[in-house]
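# Inside the fold
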Amino acid sequence: MDPTNRGPEEHGKGRSGDDGARRRQSRDPLTPDFGHQAPQQSRTVRLISGDFLLTVNPVDGSEIEPCRPGERPDAPVRHTGAQRVERERAAAPPVPPGPPAPQMPLLERRDERDRLVRLLARGRSVCLTGPAGSGRTALLDAVAADCADLAPDGVVRLSGYRRTAGELMYGLSEAVHRAPLYRPDREGLLALVHGIGAVVVVDDLELGGAALQELLDATPECAFLFATTPDVPSPAADTSLEEVFLSGLGRGASIELMEHVVERALTDEEANWAGDLWFESEGLPLRFVQAGALLRQRDDLRAAQERPDGYEDDPSDAPFGRAGPAVLALPSLGEGAAPAALLASRLSEAARETLRFAVALGGEVPHQAHLPALVGDTHADAALGELALCGLLSPAGPRYRLAAGVLTQLEASGYGEDADAHARSAAQHYAWWAGHPSVTPERAVAEADALLASMTRLVPGETPGQASVAVLLARSAAPAFAAGMQWGAWEKALRSGQEAARIAGEVAEEAYFHHELGVLALCTGHLDRARAELETSIGMRGALADKPGAVAGRRALALVADRSGEPLHSTLPGEEAPAPRHDEPAPPPGGGSPAPKPLFPRITDTSATLITHQPPPPARLSAGRMGVLRGARRNLVAVGAGALLAAVLGTVVTLGATSGSEDPEGQGATTEQSATEDDGGSGLSEDEPTDGPATGEGTAGGDAASPGPSGPATPSASGSPSPDASESGTPPETDDPSSGSPSDSPTQDSPTPTKRPTRTPTTSPSHSETPSETPTDPESPAPTPSESETTTEPSMSDSASGPAETVTASATEDVPGPPATA
């Protein structure tokens, strides 16, 4: 549940009667019969940014698309007076639990107060400059109360702590106008704030120079009251901005303020000590509030010592532990000037642990609802009241921070020794809390400073595991900041998360942060930055095979290309270009035969494999005979393997028949070379056709021979390679020097180099009438009818014909050979 909205926890508590025996709801969503399922709150939020429709998706990344006309929001309307009061009350820091702190009077500030009111009433903007701890916030509250009825849009209170000019303008627009789930673009924002007439009070301003002038130029109908410190850059010289300096209090006013804190009159000794402190601190009101807290703690310790004899009390019940010596001396002047360590030593353990978390978070104090979980004490929320009563806290927007100078004093006292461990514990807690469905984006935005401080402490990642915790927190908080339309906090969370993911080596999370940064840059109009971030994200997600994320990134990148007018490249950085798929390899520059390639090319990218049907080429006629079917040269692995097996078996059948009928010495012509990757130039190449037209038949003796039943193989002297030789793995070789294949390379199994005959099988009518389904080699030369030149090859084994006949017998039963010619 939301720790900031605690309700009655009745679930699981048994009661008498039938209500106590009520069956508990099932947690399994697949068993709806055992109780009604509570609907899960979706974390996906759809909002409109300018003319974009933004869907905040915390899983795959936000999606952005042009906003359709029917989905455009209505024009923003102004808040009523009652709504402005309610918003101001909700934006104020919560009242700390515990006894109420005494109200501090505004001493010696009457002249500054009247002057500020007069300037604002004339529509002039004023900059109130004073050192930290000079009481600027108290003066702003008084002036805001006096100017409540000066402007038509009332008084708007904003916090300038770590805010830019754009964020202040968006905050002003949200305070005056009501536009749910709509964030205008730059032009729309300027149009909205241009017509606002209000007294804008900005505390802790950190802007100056041109940025401050930009804010004033955009809001000509507003009167600003800024509160800054002297170290903030001064406004430009031509800026129409009045400046009022705020100094410290006088000695009398300082002692009076201390008496209001102690709630009694000071003794002469205490007054002299307060005078010395006034000279040391230059009259800063914060120092006297803290000094008064020291005197009040001293009174409590003295009261504990003056109890009657015999009165025993449990030391654990004492507010500041066991009492000290009977006589308590006043703090030293150094302790009065830097009282944070002494004040903290007299507080409860929960309050001191809260200070350790605040030091670890750079001065950001967690909300009081988070303290029980962080500290480990159910009553730790009361620690915020102790710290506020001692003057160790100061309001900062809807939250509290450590007062000026307290962080440095506590770090010097050893409160920052375990800062990394405390920051890690806070980050783990906030990661769970920000991702909980009951936490609204508005509540997460109110706690944004503490969440960002946790990430900032962990991002260097010096301790193992810190960077991963920061990634988890950024992953949970960034979508909530985006849904709350606080894009300054959104960008800071994304930057911290991206750096933490890079350190931790979490590529998927880093790709997510790059995608979100690209979407954010697109919404703000920075197209070049959006393109760079999205291309980086798409490349990472492509390497990780994250298809949903890559699709979301490509959609956003297409929108960037549409807005910028630049073409969208098909191949992005980090992605491999698809391999070119051609039916024929390009010839080498030297004009020779291309290098042999494997019979079955490895398919490395299955997603890019394309299977198409190509029309068969027209059959060629040569010497009055029609060409036989050309075998498939390149196809899928399974189809190629089957075709190869059939071609090899058919070749064996042909060789067996030839060896028994036409060899004058009774020895069959065999081939033993296989198509492998090591054949060099004699192996099977993709450029060599598997089948071709047959021409120029002849026998070993030179006499013409009629085709036999099995299609006898005859040597050919043509320059075209033999079709059967390419399918059986035997490279074609001739004595013709014009042939592209070498004619003198020996086989792998032959001990002596020999010349191989090229065989031309006879064609059959059934083959000539069947068109080929596979594209043929357009570069292979067409054979011409000529007299075949005979070449002989000595037998490599006396038993070569025996195995060939055996294979023929088995092959004819399984694989049908080509039909015999008439």
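Sequence order as written defines residue numbering, which begins from 1 separately in each chain. Per-residue local features are limited, in this predicted model, to residues with pLDDT of at least 70; the limit for side-chain atom pairs, both in listing and counting, is 80 or more; totals at the level of whole chains, interfaces and linings are taken over all residues. Processing note: side-chain calculations cover all non-hydrogen atoms of the structure and skip hydrogens and water entirely.

## Details of the overall build of the protein chain
- A run of DSSP states H or I qualifies as a helix once it reaches four residues; a run of E qualifies as a strand once it reaches two. Both are numbered from the N-terminal end. Helix and strand counts for the protein chain come out as 27 helices and 15 strands.
- Accessibility here uses a 1.4 Å probe with only protein chains present; expressed as a share of the type maximum, an area under 20% marks a residue as buried, one over 50% as exposed, and anything in between as partly exposed. In the protein chain, buried positions account for 44% of the 822 residues.
- Whether two residues touch is decided by their heavy atoms; if any such pair falls within 4.5 Å, the residues are in contact. Counted over contacts in the protein chain with a minimum sequence separation of 6, partners at least 24 positions apart contribute 73%.
- With an accessible surface of roughly 41,400 Å², the protein chain has 53% of that area assigned to carbon and sulfur atoms. Shrake-Rupley sampling with a 1.4 Å probe provides the accessible areas, and residues are treated as covered by the protein chains on show and by no other component.

## Structural notes on helix H2 (residues 110–121)
- Helix length check: H2 (12 residues) gives 17 Å between terminal C-alpha atoms against 16 Å at 1.5 Å per residue, within 8%.
- Glu112, Arg113, Leu116, Val117, Leu119 and Leu120 are the residues of H2 that are buried. Seen along its axis, H2 keeps its buried residues to an arc of 165 degrees; they face one direction. In H2, the exposed positions angled more than 90 degrees off the buried face are occupied by Arg110 and Asp111. Helix span is expected to be 1.5 Å times the residue number reduced by one. By definition, the arc is the one covered by directions from the helix axis to the C-beta atoms.

## Thoughts on the environment of Ala450
- Within the secondary structure layout, Ala450 lies in helix H18 (residues 448–458).
- Along the backbone, Ala450 and His367 are 83 residues apart, and their C-alpha atoms lie at a distance of 8.8 Å.
- If we skip the residues at most four places from it in the chain, Ala450 touches Leu361, Glu364, Arg399 and Tyr430.

## Concerning the packing of helix H22 (residues 527–543) against helix H23 (residues 547–564)
- Axis lines are fitted through C-alpha atoms, for helices just across the contact stretch, and the angle between N-to-C directions can take any value from 0 to 180 degrees. The N-to-C vectors of H22 and H23 enclose an angle of 155 degrees; their axes lie 9 Å apart at closest approach. Considered as vectors, H22 and H23 are oriented roughly antiparallel to each other. The hand of the H22/H23 crossing is left-handed. Side by side, H22 and H23 meet where Leu527, Ala530, Arg531, Leu534, Glu535, Ile538 and Arg541 of the first sit next to Gly549, Ala550, Gly553, Arg554, Ala556, Leu557, Val560, Ala561, Arg563 and Ser564 of the second.
- We call Asp, Glu, Lys and Arg charged. Ala, Val, Leu, Ile, Met, Phe, Trp, Tyr, Cys and Pro are nonpolar, and the rest, Gly among them, are polar. A per-class count over the contact of H22 with H23 returns 9 nonpolar, 3 polar and 5 charged. Relative orientations are named as follows: roughly parallel for angles under 35 degrees, roughly antiparallel for angles over 145 degrees, roughly perpendicular for angles from 65 to 115 degrees, and oblique for any other angle. Crossings are assigned a handedness: left-handed for a near helix turned anticlockwise from the far helix by less than a right angle, right-handed for a clockwise turn.

## Examining the pattern of salt bridges
- By definition here, a salt bridge exists when the distance from a side-chain nitrogen of Lys or Arg to a carboxyl oxygen of Asp or Glu is within 4 Å. Counted by the stated rule, this structure contains 30 salt bridges.
- The closest approach of N and O atoms between Arg563 and Asp51, which form a salt bridge, is 3.1 Å. Placement of the pair is Arg563 in helix H23 and Asp51 in the loop between strand E1 (45–49) and strand E2 (52–56), with a sequence separation of 512 residues.
- By relative accessible area, which is 26% here, Asp51 ends up partly exposed.
- We note a salt bridge from Glu533 to Arg495, for which the minimum N-O separation is 3.7 Å. Taken together, the residues span a long stretch of sequence, with Glu533 in helix H22 and Arg495 in helix H20 (residues 487–504) at a distance of 38 residues.
- When salt bridges with common partners are traced through the structure, they connect Glu364, Arg399, Arg401, Arg443 and Glu447 into a single cluster.

## A closer look at H23
- For H23, which comprises 18 residues, the first-to-last C-alpha distance of 25 Å matches the rise-based estimate of 26 Å (1.5 Å per residue) to within 8%.
- The set of residues buried in H23 consists of Gly549, Ala550, Ala552, Gly553, Ala556, Leu557, Leu559, Val560 and Ala561.
- Among the structural elements, E2, strand E3 (63–66), helix H21 (507–524) and H22 are those in contact with the buried residues of H23.
- Between N or O atoms, a polar contact is any pair within 3.5 Å; within protein, one atom must be a potential hydrogen donor and the other a potential acceptor, and residues adjacent in sequence are included only when both atoms are from side chains. Put simply, Asp546 is the residue that caps the front of H23, since its side-chain oxygen is 3.3 Å from the backbone nitrogen of Gly549.

## Let's talk about the confidence of the model for the protein chain
- Note: pLDDT gives the predictor's confidence per residue, expressed from 0 to 100. Here the protein chain averages 73 in pLDDT, and 62% of its residues register 70 or above.
- Confidence, read as mean pLDDT per element, is least for helix H27 (residues 801–814) in the protein chain (38) and greatest for H21 (96).
- Taken as a whole, residues 318–326 scores under 50 in pLDDT and shows 14 contacts with residues more than four places along the chain or in a different chain.

## Remarks on the environment of Asp420
- You can see Asp420 is positioned in helix H16 (residues 419–434).
- Look at Asp420 and you get partly exposed, because its relative accessible area is 29%.
- Each C-alpha atom, one on Asp420 and one on Gly461, is 9.8 Å from the other, the two residues being 41 residues apart in sequence.
- Setting aside chain neighbours within four positions, we find Asp420 in contact with Arg457, Leu458, Thr463 and Gln466.

## Quick look at the nonpolar core
- We call a set of buried Ala, Val, Leu, Ile, Met, Phe, Trp, Tyr and Cys residues a nonpolar core when their side-chain atoms join them within 4.5 Å. By size, the foremost hydrophobic cluster in this structure holds 64 residues, and its most contacted members are Leu54, Ile64, Leu451, Phe481 and Trp490.
- At 12 residues, helix H19 (residues 466–483) tops the list of elements feeding residues into this core.
- What Ile64 contacts, discounting residues up to four positions off in sequence, is Phe52, Leu53, Leu54, Val519, Leu522, Cys523, Ala556 and Leu559.
- Within the second largest apolar cluster, 28 residues are counted, among which are Leu371, Leu384, Leu410 and Tyr415.

## Thoughts on the sheet that holds strand E9 (residues 199–203)
- Judged by pairing direction, the sheet is parallel, and its 5 strands sit side by side in the order E6-E9-E10-E5-E11 without closing on themselves. Whereas interior strands pair on both sides, the edge strands pair on one side only; in this sheet they are strand E6 (155–159) and strand E11 (241–245). Adjacent strand axes in the sheet meet at a mean angle of 15 degrees, parallel and antiparallel pairs treated alike.
- For E9 and strand E10 (residues 223–228), the ladder comprises 4 bridges, and the chain directions are parallel. Two strands pair under a simple rule: DSSP has to find at least two bridges between them.

## A short note on the packing of aromatic side chains
- For Phe, Tyr and Trp, rings pair up if their centres lie within 6.5 Å, where Trp contributes its six-membered ring, and each pair is then called stacked (planes under 30 degrees apart), edge-to-face (over 60) or tilted (otherwise). Taken as a whole and assessed by the stated rule, the structure comprises 4 aromatic pairs.
- With a centroid separation of 5.2 Å and 10 degrees between ring planes, the pair formed by Phe224 and Phe226 is classed as stacked. Each member of the pair, Phe224 together with Phe226, is buried.
- Ring centres 5.6 Å apart and planes at 55 degrees place the aromatic pair Trp487 and Trp490 in the tilted group. Of this pair, Trp487 and Trp490 both sit in helix H20, 3 residues apart, which is roughly one turn of the helix. For the pair shown, Trp487 and Trp490 are each scored as buried.
- Of note, Arg183 hangs over the ring of Tyr170, and the distance from its end group to the ring centre comes to 3.6 Å. Our definition puts a charge over a ring when NZ of Lys or CZ of Arg is within 6 Å of the ring centre and also within 35 degrees of the ring normal.

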